[in-house]
Amino acid sequence: MTTILDHQDGKLVLVCSDRLIDLVKQVPGYKFDYKEDNWKAPASPLTVNATWEVFQGVVDPTSDLLAYMEKVKHNSFTWGRIAAGAYREDDDGNEDLWLPQRDGVQFLSHVKLAYLCDEMGAGKTAQSLRALENQAEFESDSPFPALVVCNKSAMHNWPDEVNKWTPDIQVYVIDGTTKKREELIAEARTESEAGQNVVIVINWEALHTSGTGRKHTRLAAYGGLALSDIQKTDGSLNGGWIKSVIADEAHKAKSWRSTRTRALWSVAHESQVINRWAITGTPLTGAYEDLWAIGHFVDPDSFPLKTKFMARYTIQTVGYHGGLETHGWNPAHEEELMSYFKTRFLRRTKRDMRGSDYLGKLPPVVRTVRMEGKQKTAYNRMKKEMIAEDEGTVFAAGSDVELHIRLGQFSAGTPVIEDVEGVMRITGLQKPSCKLNALMEILAEAGDQQLVVFSESRLLLTLVASELSDKGYTYGEIHGNIGGLERQASVEAFQANNLQVMLCSYAAGAESINLNSAHHLVRLQWTNNYVHWKQAPDRLDRGEQNHWIQITDIVTEGAAEHVIHENIDAKGKLARSLDDPDFQKELLNA
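Residues numbered from 1 in each chain as written. Predicted model: local features only at pLDDT ≥ 70, side-chain atom pairs only at ≥ 80, totals over all residues. Heavy atoms only, no water.

Chemist: Explain the overall build of the protein chain to me, please; I cannot follow it from the model alone.
Modeler: Of regular secondary structure, the protein chain possesses 21 helices and 23 strands. Evaluated residue by residue, the protein chain yields a buried proportion of 55% over its 590 residues. Within the protein chain, counting contacts between residues at least 6 apart in sequence, those at least 24 apart form 69% of the total. Working note: accessible area of the protein chain is about 25800 Å², and carbon and sulfur atoms make up 48% of it. (Helix = DSSP H or I, 4+ residues; strand = E, 2+ residues; numbered from the N terminus. Buried < 20%, exposed > 50% of the residue type's maximum accessible area, 1.4 Å probe, protein only. Contact = heavy atoms within 4.5 Å. Areas by Shrake-Rupley, 256 points an atom, 1.4 Å probe, with all protein chains shown as cover.)

Shown next, in the form of C-alpha cells:
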C-alpha cells in the first residue's frame, strides 16, 4: 500500500499499511475512519509537528499539506515576533499601557488560542480587555459577548477593571441566587443581541451548579465518567452565543474529573468561539499533566487526550505499586512541544513590564518563635498522645490527618475545647500564642505602614482579629465566611489606607485581589497549596505598586512546619521548570 499524507478540510489524512500503525499511535489526535479506510487528525500545529517528526523519511507530504505547513510556519513566525516584542502594529489607544502590555494586547488579538501567563500583578486583565476591544475594532468577526470565569474573590474586581480600561464595554457580574443569575445571563444575552459589547463575569463554582434544577452550562464528556441527563442538557451559557472564553486563574481547570473543568469546556469548545485565553500566573502547579489540562481548554485539537500527551512528552515508568510515575519531560520531544508553545505562550515578569522602575519583594525574613506554658504543653501532648485538654475537657485526634491539622493549629496558639452537642471539638485558639505575640511585635515595628497577614487556620485569624480589636487597630478580613461584596468593600477600604491590617486565609485571599498599598506581608502559617503559597505575596506586588515589600515568615521552633516547606519546595521545582534554560527559557522569553 502506498503511504499518503494529505490535508483536507482542516484535517490531516493518512493512508498507510498496518505496519505503520504503531507510528500513527505515537501522534496524539489520530482516529481511524472506517468509512474512508484512513486515519484522520485535526490539522492543529502541534499535531502537524508531531506527525512530521514521526513520519519524516517515511512519507512525503502532498502539495496541499506543504502549503498548509508553510502557512503554519508563517503564522508561528509572526506570533513569535509579537510574543518577543519585536513586531508591533499601530496600536493607537493603548498608550496608557506599559510597552510590554501593548505587546500582550497584540499577542492575544492575533493568536486567539493563547496562554497569557505573565507573573501575578503584571496586568493580564487589562491586556485581555484591550485585546477584545482591539479585535472588535479591527476584525470583521466580533469577539463579543465574552465570558470570564474567575475566582469569587475577583468577580467584583473585573467591573472595576472594565470601567478603567474599556469603559464602553457593558459588564454583567453573574452573582446571587440561581434564579437571579439566570435573569442576569438572559439580560446580558439580550444586550449582546442588540449590538452591545458585553463581558459576562461568573465564578468557577457557579459555572455549573450541583444538585437538581436549572444549570448555566452542560458538562463536556471526557473519559469514562457517566453524565446524567441534566448534566448533558445545554444551560443558558451554551447554545452558540458566547464568542470568547477567558479562564482567569486557568489552573483551576487542571482536573478533567472536576465539574468546573468540564463545564468550562462545554462552553469554550463550541464551534462559534473565536478566543480561548488561559490567564494564569502559575500554569504548572505541581503535576506535569497540568499543562495538558490548560492546553485542552485552549486548543483541544492539539491536546486531545491526556494519556497520549503524557506518553509522548513526559518520561513515565510503572511504579512499584503499579500505576505510572512521571519523572520529567521527554527530551526527545521537547523541541516539538516548545515549537508549539513558544508562539502561543507569553510570560513576562513584573520587572520585564516596568524595567528599572520596578520595586518588588525583598528576600523573606524568617522569625523563629518558641512555644511556652499552656501552648507548649498542649502541642507536646497532642504530638505524643494525640489528645489535648482545656480546663478538664479532653479532645482526641481521630486520625493522622487530623493530628497534622491540630499540630499546625497548636504551634500557633493554645486550643479552646468545648462540648458541642455531646462531641468535644476545637472551637478556637487562645493566648498564650507565640505567633500572635510575634505578629503584634511586627505590627508595632511597622509604624503607619500597612500589613497583610495570611494564615491557613481561620481559628488563628479569629484570635488575631480579637487581639487587634482589643488593641485598637483597624482591620479587614478575607476568608470563606466573608461574602464577595463585603470582601470588595474591605479591599477598597484597605487600598484607601483606612485599614491598618488585612487578615486573609490562603484559600480566599491568595488569588485575584489587589492589596498593593501594603508594605508588609506576614505569613503566620505555611500552606501545602503551592499556588496559594506562590500567589499570596503577589497580592501586594501588583500593578503600579511603588515600594519595596517585606515578607516575614513566622515559624515555630520544634514544630512540624518544616515538612510543609519541603512539600512546597518539591512542587516549586516542577513549576520552576518553566524557567529552566534547557527546556522552557525560550518558551517564556526569559
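Chemist: How do you make sense of the packing of aromatic side chains when you look at a structure like this?
Modeler: Two aromatic rings, taken as a pair, are described by how far apart their centres are and by the angle between their planes. Counted according to the given criterion, the structure contains 17 aromatic pairs. A ring pair is formed by Tyr 222 and Trp 265, whose centres lie 5.7 Å apart and whose planes are at 75°; its orientation type is edge-to-face. One end of the pair, Tyr 222, is in the loop between strand S8 (198-203) and helix H8 (229-232); the other, Trp 265, is in helix H9 (residues 259-268), with 43 residues separating them in the sequence. With a relative accessible area of 15%, Tyr 222 lands in the buried category. According to the relative accessible area criterion, Trp 265 is buried, its value standing at 2%. Arranged with centres 5.9 Å apart and planes meeting at 85°, the rings of Phe 341 and Phe 345 form a pair that is edge-to-face. Classification of Phe 345 as buried rests on a relative accessible area of 1%. (Phe/Tyr/Trp six-rings, centres within 6.5 Å; stacked < 30°, edge-to-face > 60°.)

Chemist: Got a minute to help me understand the nonpolar core in this structure?
Modeler: Membership of the largest hydrophobic core comes to 69 residues, with the highest contact counts inside it found for Tyr 30, Tyr 115, Leu 147, Leu 237, Leu 264, Phe 297 and Phe 309. When residues no more than four places from it in sequence are discounted, the contact partners of Leu 147 are Ile 200, Ile 202, Leu 207, Leu 237, Ile 242, Ser 244, Val 245, Ile 246 and Val 267. Grouped together as the second largest cluster of nonpolar side chains are 37 residues, Cys 434, Met 440, Val 453 and Ile 554 included. (Core = buried A, V, L, I, M, F, W, Y, C linked by side-chain atoms within 4.5 Å.)

Chemist: Just checking my understanding: could you explain unusual backbone geometry for this structure?
Modeler: With the exception of glycine, the majority of residues adopt a negative phi angle, and the majority of peptide bonds are in the trans configuration. With omega at 0°, the peptide bond leading from Phe 144 into Pro 145 counts as cis. Considering the arrangement of structural elements, one finds Pro 145 in the loop between helix H5 (124-138) and strand S6 (146-150). The linkage connecting Lys 431 with the following residue, Pro 432, adopts the cis geometry, with an omega of 5°. Secondary-structure assignment places Pro 432 in the loop between strand S18 (423-430) and helix H16 (434-446). Located in the positive-phi region is Glu 391, a residue other than glycine, with phi close to 55°.

Chemist: Just to check I follow, could you spell out the sheet that holds strand S10 (residues 275-279) for this structure?
Modeler: Two modes of strand pairing occur in sheets, parallel and antiparallel, and in both the strands are linked by backbone hydrogen bonds. The seven strands are arranged S7-S8-S6-S9-S10-S5-S13 in an open sheet whose pairing can be described as parallel. Where the open sheet ends on each side, the last strands, each with one partner, are strand S7 (170-173) and strand S13 (345-346). In terms of strand pairing, S6 meets S8 through five bridges, oriented parallel. Within the sheet, the bridge partner assigned to Cys 150 lies in S8 and is Asn 203. (Pairing = 2+ DSSP bridges.)

Chemist: I'm lost on the environment of His 251 in this one. Help?
Modeler: Among the structural elements, His 251 can be located in the loop between strand S9 (244-248) and H9. Once the C-alpha coordinates of His 251 and Gly 281 are considered, the two residues, 30 residues apart in sequence, prove to be 8.9 Å apart.

Chemist: When you look at the pattern of salt bridges in this model, what are you seeing that I'm missing?
Modeler: Charged atoms that come close allow side chains of opposite charge to pair. In total, this model carries 21 salt bridges according to the counting rule given. In this structure, the salt-bridge partner of Asp 96 is Arg 130, at a minimum N-O distance of 2.9 Å. You can see Asp 96 sitting in the loop between helix H3 (63-83) and helix H4 (99-111) and its partner Arg 130 sitting in helix H5, a full 34 residues away along the chain. Given a relative accessible area of 47%, Asp 96 falls into the partly exposed group. (Salt bridge = Lys/Arg side-chain N within 4 Å of Asp/Glu carboxyl O.)

Chemist: Would you take a moment to explain the confidence of the model for the protein chain for this structure?
Modeler: In low-pLDDT segments, the atomic positions of the prediction should not be examined closely. Averaged over all residues, the pLDDT of the protein chain equals 84, while 88% of them reach at least 70. Every residue in residues 581-590 is under pLDDT 50, and counting partners more than four places away or in other chains gives 27 contacts. (pLDDT = per-residue confidence, 0-100.)

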